[in-house]
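A closer look at the structure
Listed below, chain by chain, are the residues.
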Amino acid sequence: MKKSLAAALLSAVATPAFAVGQLPPGVTPLTYDITVRPNAKAMTFSGEETVAVEVTKPTSTIVLNAADLKISRATLDGKVVSFRIDEAKQQLILSPGSAVSVGKHSLAFAWTGTINTSAAGLFAIDYSNTDGSPARMLVTQFEAPDARRFAPLWDEPAFKARFTISTVAPAGQTAFSNMPASSVTKQADGTSLYRFAETPKMSSYLMFLGMGDVERKTVMAGKTEIGVITRRGVVDQGDYSLAQAKRLLTYYNDYFGQPYPLPKLDMIAGPGSSQFFGAMENWGAIFYFEPELLYDAKRATQSGKQRIFTVVSHEMAHQWFGDLVTMNWWDDLWLNEGFASWMENKSSVDLNPEWYAAATAVAQDREGALQVDSTSGTHPIIRHVETVDQIGQAFDGITYMKGQAVIGMLESTLGAETFRAGIRGYMAKYKYGNTATDQLWQELSAAAKTPVAAIAHDFTLQPGVPLVTMTDTRCVGGNTLVSLTQGRFAYDDSAKQAQTWRVPMTLGVLGQPDVRATVRGAAVQPVTATGCGTVVLNHEKASYARVQYSPAGHAAIVRDFAKLKLTDQLGTLGDDFALAKGGNQRLDRYFADVGAIGIEANPLLWQTVASQMSDLDGRVAKGPARDAVGAKIVRTLQPVMARVGFTAAGDEGALTATLRETLISVLGDHGDAAVIAKSRELFAALQKNPDAIPAPIRAPILGVFAHNATSADWDALLALTVAEKNPVTKNSYVRLLGAAKDDALAQNALALLSTDRFTAPQKASLLRAVANEHPDMAFDFAVAHIALVNTLVETSTRAGFVAGLGAGSDDPAMPAKINAFATANLPKEARGAATRIVSTMAARRQVDARIRDDVAAWGRTSS
Ligand SMILES: [Zn+2]
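Each value, and the rule that gives it
Residues numbered from 1 in each chain as written. Predicted model: local features only at pLDDT ≥ 70, side-chain atom pairs only at ≥ 80, totals over all residues. Heavy atoms only, no water. Helix = DSSP H or I, 4+ residues; strand = E, 2+ residues; numbered from the N terminus. Rg over C-alpha atoms; globule rule 2.2 N^0.38 Å. Contact = heavy atoms within 4.5 Å. Areas by Shrake-Rupley, 256 points an atom, 1.4 Å probe, with all protein chains shown as cover. Lys, Arg positive; Asp, Glu negative; His and termini not counted. Charge placed at Lys NZ, Arg CZ, Asp CG, Glu CD. Axes fitted to C-alpha atoms, helices over the stretch in contact; angles between N-to-C directions. Nonpolar A, V, L, I, M, F, W, Y, C, P; charged D, E, K, R; others polar. Buried < 20%, exposed > 50% of the residue type's maximum accessible area, 1.4 Å probe, protein only. Salt bridge = Lys/Arg side-chain N within 4 Å of Asp/Glu carboxyl O. Pairing = 2+ DSSP bridges. Parallel < 35°, antiparallel > 145°, perpendicular 65-115°, else oblique.

1. A short note on the overall build of the protein
- The helix and strand inventory of the protein stands at 27 helices and 30 strands.
- For 863 residues, the compact-globule estimate of 2.2 N^0.38 gives 29 Å, and the protein sits close to it at 27 Å.
- When its C-alpha atoms are laid out on the principal axes, the protein stretches across 85 × 65 × 55 Å.
- A fraction of 71% describes how many contacts in the protein between residues 6 or more apart in sequence connect residues 24 or more apart.
- Accessible surface for the protein amounts to roughly 30400 Å². Of this, 54% is attributable to carbon and sulfur atoms.
- For the protein, the distance from the average position of its 82 positive side-chain charges to the average position of its 84 negative side-chain charges is 1 Å.

2. Let's talk about the packing of helix α7 (residues 397-414) against helix α8 (residues 416-430)
- In contact at an axis separation of 6 Å, α7 and α8 are set at 115° when each is read in the N-to-C sense. On α8, the residues touching I407, L410, E411 and L414 of α7 are A416, T418 and F419.
- Broken down by class, the residue content of the contact of α7 with α8 amounts to five nonpolar, one polar and one charged.

3. Regarding the side chain of K763
- Along the chain, K763 falls in helix α22 (residues 760-773).
- Look at K763: it is buried, it has no salt bridge, and the nearest opposite charge is D756 at 6.9 Å.
- Look past the residues within four positions of K763 in its chain and what remains in contact with it is L752, L753, T755, D756, F758 and L792.

4. Regarding the sheet that holds strand β9 (residues 103-114)
- Ordered in space as β6-β5-β9-β3-β2-β12-β15-β14, the eight strands form an open sheet in which the pairing is mixed. With partners counted over all chains shown, the strands left at the sheet margins are β6 (79-80) and β14 (181-186), one partner each.
- Note that strand β5 (residues 70-76) and β6 share two bridges and pair antiparallel. The residue bridging T75 from the neighbouring strand is V80, located in β6.

5. What to know about the packing of helix α11 (residues 551-559) against helix α13 (residues 588-595)
- Across the interface, α11 lies against α13 with an axial gap of 9 Å and an inter-helix angle of 20°. Here α11 lies roughly parallel to α13, going by the angle between them. Where α11 approaches α13, its residues P551, H554 and V558 are matched on the opposing element by R589, A592 and D593.
- When grouped by side-chain class, the residues that make up the contact of α11 with α13 number three nonpolar, one polar and two charged.

6. Section: the sheet that holds strand β27 (residues 515-519)
- If you trace the three strands from one edge of the open sheet to the other, you get β27-β26-β29, paired in antiparallel fashion. On the outer flanks of this sheet lie β27 and β29 (535-536), each paired with one strand and no other.
- One ladder, built from two bridges, connects strand β26 (residues 503-509) with β29; its direction is antiparallel. When the bridges of β29 are listed, V509 appears paired with V535.

Below is the structure:
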């Protein structure tokens, strides 16, 4: 699954409050034959299935999963059996009366269920056709445990089975699933009965069924048919994804050493949105929300285009790593998600070198992981998961971003060829099966002919970020003796405990060959580097650690900044910024780094600086000090903006295009008059021509306009939103309605939540948008309207959603309000997200206190 951008940045999301037990062993499903008949108008469906099971020890009960299903019939080997439902455990318990014998048996069920309005189980996406008429697409979302809302199943990843799915589609609609249809039969009433071919052995959370008024376009990649499925009228926007998927299929067939095993691979675009995820790796039928898959050349930015490649690459990597080989249990979700996230950049480095994916990963993904891992609320990558709440909370920044960073560190340590040999061995050995993480370490160790488990365990079983500190360097006999110590880096004092890792690290003197070292323990460790000169620690920032230089060492880094590799420049900016926030050094080291960046430097450097600086003004109190910092940010970035301009030069490259997006956003949000005027001018043109704003700057320009909106501007935006027929554009306009910094306009936005003008997912994204600028207002609104808010978000997001709205608050009373909300509204098991948010807020207050004076002083400096 690919997290939604907003959800990935939250330290955790949580799910509703009920415990699930793990299903007892002894009864294993072999095949399912499932028929589901949706009634899209009534938002209900009926289902029936037969399940062939193997009983390995005699049992008097058979236990499987079901949630929110009304079971009307259950039979065992053709005889009716009594059953009961344990709603808390989401289990269906059959009691046949006498012991069921060892061997094969057949179960059959009939039931009815609900079609949901948000993404859990079978759900509906409502949108407008291009002519404005209403349309409804039905699709499924089953990860983590929501297949049980579709059919009674052994809904745990280790119970792999073969699935045959059948359904009935209304006249004029097409149904689609994991496998191609083996038969489509027209019925007398105009509907079509679809029967899809049997899947290979797979986990239930990877099933998929969808139907709607769609178009499909295909390309062949070897023997595999790759398809894109969209609402009618936009299938050509899938051309970019189809072309990338074709390249990626060849790339992955080679990388994993196993050919993609299904006859087809569809990519389905749903014209909706979710607070929880952007795309899902259903085997052979990957589901995406539309902006993650379809490239609209008239409206998408360069970063939007790169995001499409990233998400397609992530989901396709899962077709092997996750779908072909699957974790035994959710404890090891990190391995699925960390690997797929790492593969996004790996494949991009190889297929799109002009995007500098490795450097971008240092500045963004790695930095994101280090951020969420730097407070006392963090947790080890691997942790035991038992309840549905905990499964939902497992999809967090640690799982995705730290998982990715640790896998990247292991690849760098073992070497790319050796690492790939280990992955190929793992795929060959465990295909169609399930594994635990240590089985991957075994295959990597076998390939490397050296054990990797010790380092891997240090980084997956303990929480936190290592800090490697250079205490001294000496030139001795033509070589440099580097003295290193290690500890734990954190923003809050309570997390700064004595802790060590075995940190593999390359370091060296600039211009000389690197040396490899493993930093162990806390005592001073000497490492000899070849030659004398400027020492660079953690070369290419391949290891998951912060590094701090001695004063002389840092002065040398600043002096030679232009000679460093781009990855080391970006990593140094990130480390120095964080070390100031953690109280390990002053902010002036970071500003010295920035001072060493020339105006013509790689655009990624200025993009990173712009993002870091936009974090600074919130550190000082509202009023003159904050205004001064905002003005200083504008003065610092204006010369860069002057160089890139509002209009793309023909051959400027992807990085300049993404830098321009960031600069417009940061400058416009900090009051740059020229950028704000430009946004007003372009919005006025947009009201006459929907494509008036050039695509490369459309999203940031609209963001700036909405942020600075006057009452008249906001009314104009609302009129545009209501009239908009393109569902993706409409979703983005709804979010913009919540982006105004003006308090009264934010209240206007909240008032829209009680109207029926927008769908539930649109309202959820509007509320979250208001929270970005007005966390207190959004949180108070949600608490006062909790019944309404609970209808807007998926069950998987519910427990963390409201607490997350208040996360950006400066009000000292907010942490207590979040805790009080959690205590009053959530059972104990579901309060993890709220606890982590409160802990992150506490850490932020400590950071603010440490750097406030330095930030204010910087704001007062001229130039
Ligand atoms: Zn994923």
